[in-house]
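# Summary of the model geometry
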Amino acid sequence: MKDDVALVYQITSINRAWKRAREQWGEDSAIALMLRERKSSLQARLVRDSPDAVYLRSDTDNTDGEPLYSVRLKSQVQLPNGVTRSDAEHMPVRLAQELFSPAELAGIVK
């Protein structure tokens, strides 16, 4: 579980940095693209390494932009900065389809 907390903290930190990079340098800037790829890579690792603790759920609240999955934690975790999280940010459905096989997706989407 300690490793999961560290990964969730990294994911949320990188997500904030990615959003700032997009605002400052644009969505297609090298730094924004690198941060987006790193966040997705860490999310995939979290899902694969902790199948009993993490799953994907369709985010039906987000109606702007492309369809998203919420990377959900079965139990809340407290991050080193004191924030309690029940998710590890969002992942576009199209990206999940690239990172996971259809069989993997069938087992991790709830």
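As a starting point, this report considers the structure included with it. (Residues numbered from 1 in each chain as written. Predicted model: local features only at pLDDT ≥ 70, side-chain atom pairs only at ≥ 80, totals over all residues. Heavy atoms only, no water.)

A word on the pattern of salt bridges. A side chain with one charge can pair with a side chain of the opposite charge if their charged atoms come near. This model, assessed by the stated rule, comprises six salt bridges. Across the pair E104 and R48 runs a salt bridge whose closest N-O atoms are separated by 2.9 Å. Here E104, found in helix α4 (residues 102-108), pairs with R48, found in helix α2 (residues 30-49); they are 56 residues apart in sequence, far enough to count as distant. In this structure, the salt-bridge partner of E66 is R94, at a minimum N-O distance of 2.8 Å. Of the two residues, E66 sits in the loop between β1 (54-58) and β2 (68-78) while R94 sits in helix α3 (residues 93-99), which places them 28 residues apart along the sequence. The structure contains a network of salt bridges with shared partners spanning R85, D87 and E89. (Salt bridge = Lys/Arg side-chain N within 4 Å of Asp/Glu carboxyl O. Helix = DSSP H or I, 4+ residues; strand = E, 2+ residues; numbered from the N terminus.)

Along the chain, the position of D3 falls in helix α1 (residues 2-25). For the pair D3 and L46, spaced 43 residues apart in sequence, the C-alpha to C-alpha distance is 9.0 Å.

Core analysis: the largest hydrophobic core is formed by 28 residues, its most contacted members being L46, L56, V71 and F100. At the level of secondary structure, the elements contributing two or more residues to this core comprise α1, α2, β1, β2, β3 (84-92), α3 and α4. Counting residues per element, this core draws most heavily on α1, at seven residues. L56 has contacts with V47, Y69, S70, V71, A96, F100, L105, I108, V109 and K110, leaving out every residue within four places of it along the chain. (Core = buried A, V, L, I, M, F, W, Y, C linked by side-chain atoms within 4.5 Å. Buried < 20%, exposed > 50% of the residue type's maximum accessible area, 1.4 Å probe, protein only. Contact = heavy atoms within 4.5 Å.)

At a minimum axis distance of 8 Å, the contact between α1 and α2 shows a crossing angle of 160°. When the axis of α1 is compared with that of α2, the two are roughly antiparallel. Crossing handedness for the pair α1 and α2: left-handed. In this structure, α1 uses D4, L7, V8, Q10, I11, I14, N15, A17, W18, A21, R22 and W25 to contact α2, whose residues at the interface are I31, A32, L35, R36, R38, K39, L42, Q43, R45 and L46. (Axes fitted to C-alpha atoms, helices over the stretch in contact; angles between N-to-C directions. Parallel < 35°, antiparallel > 145°, perpendicular 65-115°, else oblique. Left-handed = near helix turned anticlockwise from the far one by under 90°.)

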